[in-house]
Amino acid sequence: MRLTVFGTGYLGATHAACMAELGHEVLGVDVDPGKVAKLADGVVPFYEPGLEVVLRRNLDAGRLRFTTSYPEAAAHADVHFLGVGTPQKKGEYAADLKYVHSVVDTLVPLMERPGVIIGKSTVPVGTAAELGARARTAAAVDVEVAWNPEFLREGFAVQDTLRPDRLVLGTDRDRAGSARVEELVREIYAELLAAEVPFLTTDLATAELVKVSANAFLATKISFINAVSEVCEATGADVTVLADALGHDARIGRRFLNAGLGFGGGCLPKDIRAFMARAGELGADHALAFLREVDNINMRRRTKVVDMAAKACGGTLLGANVAVLGAAFKPESDDVRDSPALNVAGMIQLHGAVVTVYDPKALENSRQVFPTLNYATSVVEACERADVVLVLTEWNEFTALLPEQLNPVVRRRTVIDGRNCLDRARWRSAGWAYVGLGTP
Ligand code: UDX
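Residues numbered from 1 in each chain as written. Predicted model: local features only at pLDDT ≥ 70, side-chain atom pairs only at ≥ 80, totals over all residues.

Quick notes on the packing of helix 12 (residues 268–281) against helix 13 (residues 289–312)
The relative placement of two packed helices comes down to the angle between their axes together with the axis-to-axis distance. Stated precisely, the cut-off is as follows: The axes are straight lines fitted to the C-alpha atoms, using for helices just the contacting stretch, and the angles between their N-to-C directions are given from 0 to 180°. Secondary structure elements follow DSSP: runs of H or I of four or more residues count as helices, runs of E of two or more count as strands, with numbering from the N terminus. Throughout, the term roughly parallel applies to angles under 35 degrees, roughly antiparallel to angles over 145, roughly perpendicular to angles from 65 to 115, and oblique to all others. Helix crossings get a hand from a simple test, with the near helix turned counterclockwise from the far one by less than a right angle marking a left-handed crossing and a clockwise turn marking a right-handed one. Residues are scored as being in contact if the C-beta atoms we place from backbone atoms lie within 7 Å.
Where helix 12 contacts helix 13, the axes come no closer than 9 Å and their chain directions differ by 155°. With respect to helix 13, the element helix 12 is oriented roughly antiparallel. In this structure, the crossing between helix 12 and helix 13 has a hand that is left-handed. Facing helix 12, whose interface residues are Ile272, Arg273, Phe275 and Met276, helix 13 presents Leu291, Arg292, Val294 and Asp295.

Structure below.
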């Protein structure tokens, strides 16, 4: 099938390449000529393992192209995926829908044949219905709007797109075109459905809510274990053993029970806030009041680590040398959006310390958002003359570190393990004071 994908960020670029991988003729569309030129050249403008291979294979096969031209996109296909960002509004909790609106408002008047817009972005409930009405007011032809939320994780984007846990499709069930849209989507994902990926069809509002509820649940699970971690810290208990024990209960499960510095990134923090804002608009804010606490627990982890660093430096960070290992919001990503690691590094600098950051993939992005921090090109360089070493993103490069390598360069052998990812016994036997979160 001929498809377009609007937006070529983490979500859109992955979706475009993976739809081509399924055999479709795909045109990726973005307003940023720089991104389009890179992608057309086979270069992924961010770090995502495995994506470049899929991108190049499909560019070479002629199934995948990129453009900035909306008229070209309108002519190319009658099925248009929407994968643009929905960031948090400045100074508010609500999601900013300006990119979503801009795509619909620009594309729809150019459509000369009946078409379908399939949203993949995470949006406040009610957006799809509103977009449908908006599109039909502006269109000369029949336009259907459906929602097919994306659940991919950065670092596993290709795998999550080509072998998702489930596919969810919301259509406007009051419209006669709803069944035809479902048929089209079944055709697009035929290969996945043949592999028995569960396919759930529903109305627009439920589809939108599935996505934000999933992210709210994941955020809650992380904040739950971090709250328990605070109690462990108060009593000398060990949250890592506790999480293992909880995880054996199949009803709970071990995944997303890693206590530490908490969640960040372009999705979980802004999604729970947008969910609260939308519930407020709907008069149901009391229902999600607990998410405010989920957010508070999460943000408290960051100040906790700053306090731990100050304590390790003898009570004040003023004039201390602090090495921060990790800047990305999680490993296997170069994404620093709402990164707990960078946030902590910034706060420590504000307390008067000299902070040197190293990350295997996220240095360039970090420099752009936080130019005042020092950046090193290796772990050893970052740790030179450090009074304390903070491990804030659990990259394999850090978990595999031999502490003896750092012994000659640091000023004081104290490590704060912000992700409970290091082998404590190993660091202690190399002469280090090891401090974990929620561990004795
Ligand atoms: C998330 C959802 O998992 C995905 O389904 C959705 O489509 C987008 O948002 P992503 O942001 O890529 O994906 O990252 P994820 O792997 O979920 O991690 C989010 C954050 O939680 C990271 O900062 C991570 O370090 C943190 N985390 C995760 C924990 O602190 N503890 C855990 O046990 C798991």
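Considerations on the UniProt feature "binding site: substrate" (unreviewed entry) in the protein chain
Just so we agree on the cut-off: UniProt positions are given in the numbering used here, feature names are shortened, and annotations may be inferred rather than shown by experiment.
Summarizing the sequence annotation, UniProt attributes the feature "binding site: substrate" (unreviewed entry) to Phe151, Leu152, Arg153, Glu154, Lys211, Phe256, Leu257, Asn258, Ala259, Gly260, Gly264 and Lys330 in the numbering used throughout. Taken along the chain, the residues just named run across 180 residues; in space they spread out, the farthest C-alpha pair reaching 24.5 Å. By the secondary structure assignment, Arg153 is in the loop between strand 6 (143–147) and helix 7 (157–162). Structurally, the position occupied by Asn258 is in the loop between helix 11 (239–247) and helix 12. Not counting residues up to four positions away in its chain, the partners in contact with Asn258 are Ala243 and Asn420.

So, the site of the ligand
Convention followed: As a rule, any residue with its backbone-derived C-beta atom within 6 Å of a molecule or strand is reported as near that molecule or strand. Any residue that is not Ala, Val, Leu, Ile, Met, Phe, Trp, Tyr, Cys, Pro, Asp, Glu, Lys or Arg is counted as polar, Gly included; the first ten are nonpolar and the last four charged. An automatic or database domain assignment is the source of the domain bounds shown.
Close contacts around the ligand come from 20 residues, with Glu154, Asn258, Phe263, Gly265 and Cys267 the closest. Tallying contributions element by element places helix 10 (residues 204–235) first for the shell around the ligand, with 3 residues. In terms of residue class, the shell around the ligand is built from 10 nonpolar, 6 polar and 4 charged. Both domains that furnish three or more residues to the shell around the ligand are identified here as domain 1 (2–197) and domain 2 (212–295).

Some details on the domain arrangement of the protein chain
For the protein chain, the assigned domains are domain 1 (2–197), domain 2 (212–295) and domain 3 (300–436). At the junction of the two partners, domain 2 supplies 11 residues and domain 3 supplies 15 residues. For the side of domain 2 that touches domain 3, a count of residues per class yields 3 nonpolar, 8 polar and no charged.

Quick word on the packing of helix 1 (residues 10–21) against helix 3 (residues 51–60)
Interhelical geometry of helix 1 versus helix 3 gives an angle of 55° and a closest axis separation of 9 Å. The angle between helix 1 and helix 3 falls in the class oblique. Here helix 1 runs over helix 3; the crossing is left-handed. Contacts between helix 1 and helix 3 pair Thr14, Ala17, Cys18, Ala20 and Glu21 from the former with Leu51, Val54, Leu55 and Asn58 from the latter. Of the residues assigned to the contact of helix 1 with helix 3, the class counts are 6 nonpolar, 2 polar and 1 charged.

With respect to helix 3
For clarity, the threshold we go by: Exposed residues have 12 or fewer other C-beta atoms within 10 Å of their own C-beta, buried residues have 20 or more, and partly exposed residues fall in between, where C-beta atoms are placed from the backbone. Our arc is simply the arc of the directions from the helix axis toward the C-beta atoms.
Every buried residue of helix 3 is listed here: Val54, Leu55 and Asn58. Viewed end-on, helix 3 has its buried residues packed into an arc of 100°, placing them on one side of the element. Downstream of helix 3 by one or two residues, Gly62 has phi in the positive range, about 80°.

Some details on the environment of Phe370
Here Phe370 shows up in the loop between helix 15 (363–369) and strand 11 (374–375). Each C-alpha atom of the pair Phe370 and Tyr70 lies 34 Å from the other, and the pair is 300 residues apart in sequence. Those residues in contact with Phe370 that lie beyond four places of it in its chain are Leu342 and Gly346.

A word on the confidence of the model for the protein chain
Counted only if it meets this: Note: pLDDT gives the predictor's confidence per residue, expressed from 0 to 100.
Overall, the prediction assigns the protein chain a mean pLDDT of 97, with 100% of residues at 70 or greater. Overall fold confidence for the complex sits at a pTM of 0.96, while the interface term, ipTM, reaches 0.97.

Re the UniProt feature "binding site: NAD(+)" (unreviewed entry) in the protein chain
According to UniProt, the positions carrying the feature "binding site: NAD(+)" (unreviewed entry) are Asp30, Lys35, Thr86, Thr122, Glu154, Lys270 and Arg337. A maximum C-alpha distance of 23.9 Å among these annotated residues, which run over 308 residues, shows that they spread across the structure rather than meeting at one spot. Within the element layout of this structure, Asp30 appears in the loop between strand 2 (25–29) and helix 2 (33–40). In contact with Asp30, not counting residues within four places along its chain, are Gly7, Thr8, Lys35, Val36 and Thr68. Along the chain, Arg337 turns up in the loop between strand 9 (321–325) and helix 14 (340–350). Take Arg337: there are 21 C-beta atoms within 10 Å of it, and that puts it in the buried class. Excluding residues within four positions of it along the chain, Arg337 makes contact with Gly265, Gly266 and Phe329.

Observations concerning unusual backbone geometry
A positive phi angle, near 60°, is found at Glu332, a position not held by glycine. Tracing the backbone through its elements, the reader meets Glu332 in the loop between strand 9 and helix 14. The phi dihedral of Arg385 falls on the positive side, at around 60°, and the residue is not glycine. When you line up the elements, Arg385 lands in the loop between helix 16 (379–383) and strand 12 (388–391).

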